[in-house]
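# Summary of structural features
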Amino acid sequence: MNIAIIGCGYIATRVAGGIMFSEGNLYAVAARDKERARQFSLNFPDCKYMDYDEVFCDENIDMVYIATINETHYGLIRRALLNHKHVICEKPMLANAEQIREMFALAKEQKCFLMEAHKTCFTVLNRTLKPIIEEKIGKIEHIYGKYCSTPDLDKLKRATLYEETMGGARYDIGVYPICFANYYADSEIRKVKMIRIVKDKYPNDIEMVADIVYANGITATVKCSWLDGTENRGYLYGEKGYVKIVNFWKNTEAEIFYNDGTREVIRVEQDSDFTGEVNEAVRCASLGLTESPVMGEKASLEIMKVLSKVK
């Protein structure tokens, strides 16, 4: 399945590497400035370079990976689906629940696959851990996830900080711990309480903490911040112990601490943290599915329940 990446920013380089290890084929990269796409393509053998129009018109392209700024996602997804391209779109995929429902409905109408790119659900480590977690620590009782950093706020891209509907730390990095918690809770969200911090001249939140209650009784606390530079971790607390994963969205190692004082380390091998999500999309699209059973419309809507909880 031939894949074209739309957008040639920092994240696109890592996506391209992930595709190189996947069951798909990196066919082309595209940018509004075609020269930028040409320069990008030099790092990947046999990769064509195009502008956006060429991608949507090229019948050899089966799937697009949208890696552009948030505010462009809606228009590019819609255009791709109307041109019968399968779509993976970087998180956050869309601005609200209405747009999510609209685009998944369009994907079904066009008989195309659509997925929000949450690699957390598809890393080798998380796919290995999930089916054995109850055996290791018993029923999960609480989940904690944190993704924080300390950038120079004045130098952040305007789209990241200032965008009216999809800006701020919550939309930029908050999606990671939310996805992590939802993946392991594996249940519908019933209640969300959120605290957002807005600072000085910056119009969007620079920190968010949310408490989540799931229908199955599991609770979670998720945090994102541009003020906290401490280590990013995910924790899964169960009846018999807990699991700690540093950088839970990409790591290849997890530590299990049991109540009896013993410890176990789970290690896996992984070529790229982006490969799993690409393989999921290729397999589902090849089977004629319009969404992933792991990260489909319902999963995106559950993430949006937290993102859209503004106080």
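What you see is a predicted model, and the numbers here were worked out from it, not measured in a lab.

Turning our attention to the environment of Glu-207. Along the chain, Glu-207 falls in strand S9 (residues 207-214). Classification of Glu-207 by relative accessible area gives buried; the value is 14%. In this structure the C-alpha to C-alpha distance between Glu-207 and Ala-254, which are 47 residues apart in sequence, comes to 26 Å. Excluding residues within four positions of it along the chain, Glu-207 makes contact with Ala-169, Ile-195, Arg-196, Ile-197, Lys-223, Cys-224, Ser-225 and Leu-227. Reaching out from Glu-207, the side chain makes a polar contact with the side chain of Ser-225 at a distance of 2.6 Å.

The subject of this paragraph is the side chain of Asp-205. Along the polypeptide, Asp-205 turns up in the loop between strand S8 (189-197) and S9. One polar contact links the side chain of Asp-205 to the main-chain amide nitrogen of Arg-170, over a distance of 2.9 Å. Looking at Asp-205, its side chain comes within polar contact range of the side chain of Arg-196, at 3.1 Å. Setting aside its immediate chain neighbours within four residues, Asp-205 contacts Gly-168, Ala-169, Arg-170, Arg-196, Ile-197, Val-198 and Trp-226.

What follows deals with the pairing of strand S2 (residues 25-30). When you tally the buried positions in S2, you get five out of six residues, the bulk of the element. Inspection of the sheet shows strand S1 (residues 2-6) paired to S2 by five bridges, in the parallel sense. Looking across to S2, one finds that Ile-6 is bridged to Ala-30. What joins S1 to S2 is helix H1 (residues 10-20), and the crossover it makes is right-handed. As paired elements, S2 and strand S3 (residues 48-50) share three bridges and run parallel to each other. Bridge assignment links Ala-30 to a residue of S3, and that residue is Met-50. Following the backbone out of S2, through helix H2 (residues 34-41) and into the adjacent parallel S3, one traces a crossover that is right-handed.

Moving on to the nonpolar core. Residues Ile-5, Ile-77 and Ile-143 are the most contacted members of the largest nonpolar core, which totals 112 residues. No other element matches the nine residues that helix H10 (residues 175-185) contributes to this core. For Ile-77, the residues in contact, after removing those within four places along its chain, are Ile-66, Val-87, Cys-89, Met-93, Leu-94, Met-103 and Leu-114.

We now examine the packing of helix H5 (residues 97-110) against helix H12 (residues 297-307). Look at H5 against H12: their axes get within 10 Å of each other, and the N-to-C directions meet at 170°. With respect to H12, the axis of H5 lies roughly antiparallel. Between H5 and H12, the contacting residues are Ala-97, Ile-100, Arg-101, Phe-104 and Lys-108 on the first element and Glu-297, Ser-300, Leu-301 and Met-304 on the second. Of the residues belonging to the contact of H5 with H12, the class tally is five nonpolar, one polar and three charged.

What counts as what
Residues numbered from 1 in each chain as written. Predicted model: local features only at pLDDT ≥ 70, side-chain atom pairs only at ≥ 80, totals over all residues. Heavy atoms only, no water. Helix = DSSP H or I, 4+ residues; strand = E, 2+ residues; numbered from the N terminus. Buried < 20%, exposed > 50% of the residue type's maximum accessible area, 1.4 Å probe, protein only. Contact = heavy atoms within 4.5 Å. Polar contact = N/O pair within 3.5 Å; in protein donor to acceptor, adjacent residues only side chain to side chain. Pairing = 2+ DSSP bridges. Right-handed = clockwise from strand over helix to strand, strands pointing away. Core = buried A, V, L, I, M, F, W, Y, C linked by side-chain atoms within 4.5 Å. Axes fitted to C-alpha atoms, helices over the stretch in contact; angles between N-to-C directions. Parallel < 35°, antiparallel > 145°, perpendicular 65-115°, else oblique. Nonpolar A, V, L, I, M, F, W, Y, C, P; charged D, E, K, R; others polar.

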